[in-house]
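So the chains spell out like this:
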There are 2 protein chains.
Amino acid sequence: MTQKGITLKDVAAAAKVSRATAARALNSYGYVGDETALRVIEAAERLGYRANLVAQALRSGQLPIVGFVPGDIQNPFFARIAHDIEAELRKHRHNLLIASSEENVEQEKDLLESLRSLSIRGFILAPTSATDSEHILQLAREGAPIVLIDRVVQDLQCDSVVVDNEGGAREAVDYLVSNGHDRIGLLRDDSRIFTAQERLAGYQNSLLSHGIALDESLISVSHSTVEHAVDATIRLFSRRNRPTALFTVDSLMTQGALLGLRSMGLSIPHDVSLVGFDDFNLATFTDPQITVVAQPISEIGPLAAKFLLERLAGKKIAPRHVRFPTRLIVRGSVAQIHGR
Amino acid sequence: MTQKGITLKDVAAAAKVSRATAARALNSYGYVGDETALRVIEAAERLGYRANLVAQALRSGQLPIVGFVPGDIQNPFFARIAHDIEAELRKHRHNLLIASSEENVEQEKDLLESLRSLSIRGFILAPTSATDSEHILQLAREGAPIVLIDRVVQDLQCDSVVVDNEGGAREAVDYLVSNGHDRIGLLRDDSRIFTAQERLAGYQNSLLSHGIALDESLISVSHSTVEHAVDATIRLFSRRNRPTALFTVDSLMTQGALLGLRSMGLSIPHDVSLVGFDDFNLATFTDPQITVVAQPISEIGPLAAKFLLERLAGKKIAPRHVRFPTRLIVRGSVAQIHGR
DNA sequence: TCGTCATGTGAGATCGATCTCACATCCGAA
DNA sequence: TTCGGATGTGAGATCGATCTCACATGACGA
């Protein structure tokens, strides 16, 4: 199939030197006569020589490839991060291999297993589970450089880049409370995803600090897909004495809530106030626009890539844990409640 | 860094056989004694042996990796396709390396150049340019299996999976005409992207077939980003005698149009009717929902992957060109024009 | 009893780049 | 004049898996 392939041997022959000398000339190390070097470089150019990265990798034990395992590449959040990581890696002549775990721990295990035998240089992971992580610990034990994003793993000492989920959620709920709401629904994720738990904690802490009793019946658990969120929303708002406001833990759920509320004929913010975690392009297209807790997405990918590249370059320092603050973007989906 | 690494040699030693025999036992070829085979397999299992794919690749000349070069991984259209391709490849133990061209021919050239030296097995491309494609032809000449998606390249004989851009655009404009519109604006792309040209042709052909004269002043050229589309929309609708309807050639432009029209205080469909090419999740969240020409996105990725895998398996048949039909999804963004 | 063939196994070559040696020069210093 | 160092270069080993070839057995028909 793939024929051709000018090897170093061809170049060496063309320049009438040994392979060793050709390698020295092309990679400029060791002693090489000026004239010889020129001859080699000229020959390489003429033949269109390109080093075989696989052969290099066999010797060095590493391909210039970094593996990225996001929860779901279709999620715009991860797509953006993937793009940023790739752009950053490319500057350092590395490629990005993307393998989506689809938020499935078993698949995540399989993927890492298969990426391991590829002699990949390092990993950027958004672990699906905060607890079932033996496979990741194992990977780390073998010495593979790892950077975690969006979520962390217990007992794993490595660089991580996450956002302040608890604080962001708290700020969102604080905002609803300050607008007079005290029956605030929560649409959350049933998975053991790290972020979902932190956001739940933020919700609870906010209510606690305002002396509002936690009401389990206001918390609806769902999968993180638009369809499930629609159902969960409808269930939540079909009860008597329904909430006056809703906080959703991610953008897919926010979209589901939007559709669910619309199908029930409930208008935002007149009937229900809404705040979502994670900004999304749709949020400014609705009427009213949706108030959200925004994450600094554009900073996550580049920083994660930077951390990993530093590790690949051999930097030996204690793991760095960066937690970006979130930002409440007030738009029009929250109304003030008057009296009661 | 990466230590460990149980090699075939270790397994062979543990099983007290030569490397050759160990290889035979593990890959089941040639003659191996039953008992010996068992001993090798047991040893491999016990040591946790994993074949080094890089070493295999050096011999075979090919890594189990397929390169995907989309226009932009952040575009949900490509993100979905990437996901589908990856899922399909994974069934055949292949990995997907994604390198976004960002709709830039030069970057596309660089990427292909760098992927080439990786001994990648095949490529799935969405070429940025329909004409500047010498680098792709070169790749094909070297024998690399290629499947084109979304866009084709002149003079390149290889499998392709695209949609009926001309027909879809024609149907959209036909629909506007059938609702009484005859001043129909077009928001198009200035790039030489294949799809943009075909969609333009569909627009022109529809008008032609209805005896409506082409009015260049109704065509606004812009880049394919939301921001540029906003500007272009505002320019288009700032003229006197503005169009009564607008057709946009991709989802980013449709979003831009939405924002642009809103900022001008023009309501849909009362003041302006709108049809966009490419469905997008936002389209059902707006009020009214947007009428679009939908592409069968879920079929493109799997089919492209299937084609490529067949080529990798050595299938030698004439290139296949699949062109999926589009589907007009009527929602609420088009109003009937009465009289004139 | 002697080939012939089926069956098993190992030594060594191979893929391409790189690195370690060993071996040449040639210089200036002792 | 001789020795040590700086400078250049090539032969061969190495990375890990696989494949070819040669060499063993043992069985079986002639």
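It should be emphasised that the depicted structure is a prediction, and the values quoted were computed from it without experimental measurement.

What counts, and at which threshold
Residues numbered from 1 in each chain as written. Chains lettered and ligands numbered in written order. Predicted model: local features only at pLDDT ≥ 70, side-chain atom pairs only at ≥ 80, totals over all residues. Heavy atoms only, no water. Near = heavy atom within 4 Å. Polar contact = N/O pair within 3.5 Å; in protein donor to acceptor, adjacent residues only side chain to side chain. Nonpolar A, V, L, I, M, F, W, Y, C, P; charged D, E, K, R; others polar. Axes fitted to C-alpha atoms, helices over the stretch in contact; angles between N-to-C directions. Helix = DSSP H or I, 4+ residues; strand = E, 2+ residues; numbered from the N terminus. Parallel < 35°, antiparallel > 145°, perpendicular 65-115°, else oblique. Left-handed = near helix turned anticlockwise from the far one by under 90°. Contact = heavy atoms within 4.5 Å. Least-squares fit on C-alpha atoms with pLDDT ≥ 70 in both. Pairing = 2+ DSSP bridges. Salt bridge = Lys/Arg side-chain N within 4 Å of Asp/Glu carboxyl O. Buried < 20%, exposed > 50% of the residue type's maximum accessible area, 1.4 Å probe, protein only. Domains from an automatic or database assignment. Expected span 1.5 Å × (residues − 1).

Draft legend 1. Up close: the protein's contact with DNA strand C. Leu8 and Gln56 of chain A together with Thr21, Gly33 and Thr36 of chain B are the nearest of the 26 residues found near DNA strand C. Considering DNA strand C, the proportion of its atoms within 4 Å of the protein that are sugar or phosphate atoms stands at 60%. A distance of 3.2 Å separates a phosphate oxygen of DNA strand C from a polar backbone atom of Asn52 of chain A. For DNA strand C, a phosphate oxygen lies 2.6 Å from a polar atom in the side chain of Gln56 of chain A. Grouping the constituent residues of the surface near DNA strand C by class yields twelve nonpolar, eight polar and six charged.

Draft legend 2. Inspection of the packing of helix α6 (residues 105-116) of chain B against helix α7 (residues 134-141) of chain B at higher detail. Residues and elements named next belong to chain B. At their nearest, the axes of α6 and α7 sit 10 Å apart, and the two run at 20° to each other. As the angle between them shows, α6 and α7 are arranged roughly parallel. For α6 against α7, the interelement crossing comes out left-handed. Between α6 and α7, the residues in contact are Val105, Glu108, Lys109, Leu112 and Arg116 and His135, Ile136, Gln138 and Leu139, respectively. In the contact of α6 with α7, the residues fall into four nonpolar, two polar and three charged.

Draft legend 3. The relation of the copies chain B and chain A, seen in detail. Between chain B and chain A, which share one sequence, the superposing operator has a rotation angle of 180° and an axial displacement of 0.1 Å; the RMSD is 0.1 Å. Viewed as a symmetry operation, the transformation between the two copies matches a two-fold axis. Considering only C-alpha atoms, the residue of chain B closest to the rotation axis is Leu97 of chain B, which sits at 2.2 Å. A share of 100% of interface residues in chain B that are also interface residues in chain A marks the association as one of identical surfaces.

Draft legend 4. Main features of the sheet that holds strand β9 (residues 273-277) of chain A. Residues and elements named next belong to chain A. In space, the six strands of this open sheet follow the order β7-β6-β8-β9-β10-β12, with mixed pairing throughout. Each edge of the sheet is formed by a strand with only one pairing partner; in this case those strands are β7 (219-222) and β12 (327-329). Strand-to-strand twist of the sheet, defined as the mean angle between neighbouring strand axes without regard to direction, takes the value 20°. The sheet contact formed by strand β8 (residues 245-248) and β9 spans four bridges and is parallel. Paired with Phe247 across the strands is Val275, a residue of β9. Each of β6 (184-189), β8, β9, β10 (291-294) and β12 is contacted by helix α8 (residues 165-178), which is oriented at about 170° to β9, the strand it contacts most. Contacts from helix α9 (residues 194-209) reach β6, β7, β8 and β9 within the one sheet, and its direction differs from that of β6 by about 165°.

Draft legend 5. Representation of the pattern of salt bridges within the structure. All names here are of chain A. Under the definition given, this model contains 42 salt bridges over all chains. Between Glu106 and Lys109 there is a salt bridge; the shortest N-O distance is 3.5 Å. Here Lys109 and Glu106 lie together in helix α6 (residues 105-116), a separation of three residues that amounts to about one turn. For Glu106, a relative accessible area of 48% gives the class partly exposed. Here Glu113 ties to Arg116 by a salt bridge, and the two come within 2.7 Å at their closest N and O atoms. Of the two residues, Glu113 and Arg116 both sit in helix α6, three residues apart, roughly one turn of that helix. Taken together, the salt bridges that share partners define one network made up of Asp159, Lys306, Glu310, Arg311, Lys315 and Arg320.

Draft legend 6. Up close: the environment of Ser178 of chain B. Residues and elements named next belong to chain B. Secondary-structure assignment places Ser178 in helix α8 (residues 165-178). On the basis of relative accessibility, which here comes to 52%, the residue Ser178 falls in the exposed class. Placed 159 residues apart in sequence, Ser178 and Ile337 show a C-alpha to C-alpha distance of 9.5 Å. Among the polar contacts listed, one links the side chain of Ser178 to the backbone oxygen of Tyr175, at a separation of 2.7 Å.

Draft legend 7. Highlighting the sheet that holds strand β7 (residues 219-222) of chain B. All names here are of chain B. Ordered in space as β7-β6-β8-β9-β10-β12, the six strands form an open sheet in which the pairing is mixed. The sheet is open, and its two borders are formed by β7 and β12 (327-329), each paired with just one other strand. Pairwise comparison of adjacent strand axes, ignoring direction, gives a mean angle of 20° for this sheet. The pairing of strand β10 (residues 291-294) with β12 spans three bridges and is antiparallel. Bridged to Ala294 within β12 is Arg327. In the packing of helix α9 (residues 194-209) onto the sheet, contacts are made with β6 (184-189), β7, β8 (245-248) and β9 (273-277), and the angle to β6 comes to roughly 165°. Each of β6, β7, β8 and β9 is contacted by helix α11 (residues 251-263), which is oriented at about 155° to β9, the strand it contacts most.

Draft legend 8. Spotlight on the interface of chain B and chain A. With 52 residues of chain B at the contact, the number on the chain A side is 53 residues. Here Glu113 of chain B ties to Arg50 of chain A by a salt bridge, and the two come within 2.9 Å at their closest N and O atoms. Remark: the boundary between chain B and chain A carries 18 residue pairs in polar contact (both at pLDDT 80 or more). Elements with a minimum of two residues in the side of chain B that touches chain A: α4 (53-60), β1 (63-69), α5 (76-91), β2 (95-98), α6 and α11 of chain B. Partitioned by chemical class, the residues of the side of chain B that touches chain A number 22 nonpolar, 17 polar and 13 charged.

Draft legend 9. Structural view of the protein's contact with DNA strand D. Neighbouring residues of DNA strand D: 26 residues in total, closest Thr21, Gly33 and Thr36 of chain A together with Leu8 and Gln56 of chain B. In DNA strand D, the atoms that sit within 4 Å of the protein are 59% sugar and phosphate, with bases accounting for the remainder. At a separation of 2.8 Å, a base nitrogen of DNA strand D approaches a polar side-chain atom of Arg19 of chain A. Between DNA strand D and the protein, one listed contact pairs a base nitrogen with a side-chain N or O atom of Arg24 of chain A at 2.8 Å. When contributions to the surface near DNA strand D are tallied by element, the ones reaching two or more residues are α2 (19-27) and α4 (53-60) of chain A together with α2 (19-27) and α4 of chain B. For the surface near DNA strand D, the residue count by class is twelve nonpolar, eight polar and six charged.

Draft legend 10. Spotlight on the environment of Asn75 of chain B. Along the chain, Asn75 of chain B turns up in the loop between β1 and α5. Each C-alpha atom of the pair Asn75 of chain B and Leu252 of chain B lies 8.6 Å from the other, and the pair is 177 residues apart in sequence.

Draft legend 11. Geometry of unusual backbone geometry. Across the junction of Ile268 of chain A and Pro269 of chain A, the peptide omega takes the value 0°, indicating a cis bond. Inspection of the secondary structure assignment puts Pro269 of chain A in the loop between α11 (251-263) and β9. The residue Arg93 of chain B is not glycine, and still its phi comes out positive at about 55°. Relative to the helices and strands, Arg93 of chain B is located in the loop between α5 and β2.

Draft legend 12. Just the domain arrangement of chain A, in detail. Partitioning chain A into domains gives domain 1 (8-51), domain 2 (61-164 + 297-325) and domain 3 (165-295). The C-alpha-based centres of domain 1 of chain A and domain 3 of chain A are spaced at 64 Å.

Draft legend 13. Highlighting helix α12 (residues 297-312) of chain B. Residue and element names in this part refer to chain B. The first and last C-alpha atoms of α12 sit 24 Å apart over 16 residues, in line with the 22 Å expected at 1.5 Å per residue. Burial within α12 is extensive, with twelve of its 16 residues counted as buried. Three or more residues of α12 are buried, namely Ile297, Ile300, Gly301, Leu303, Ala304, Ala305, Phe307, Leu308, Leu309, Glu310, Arg311 and Leu312. Positive backbone phi, at 100°, marks Gly314, one or two positions downstream of α12.

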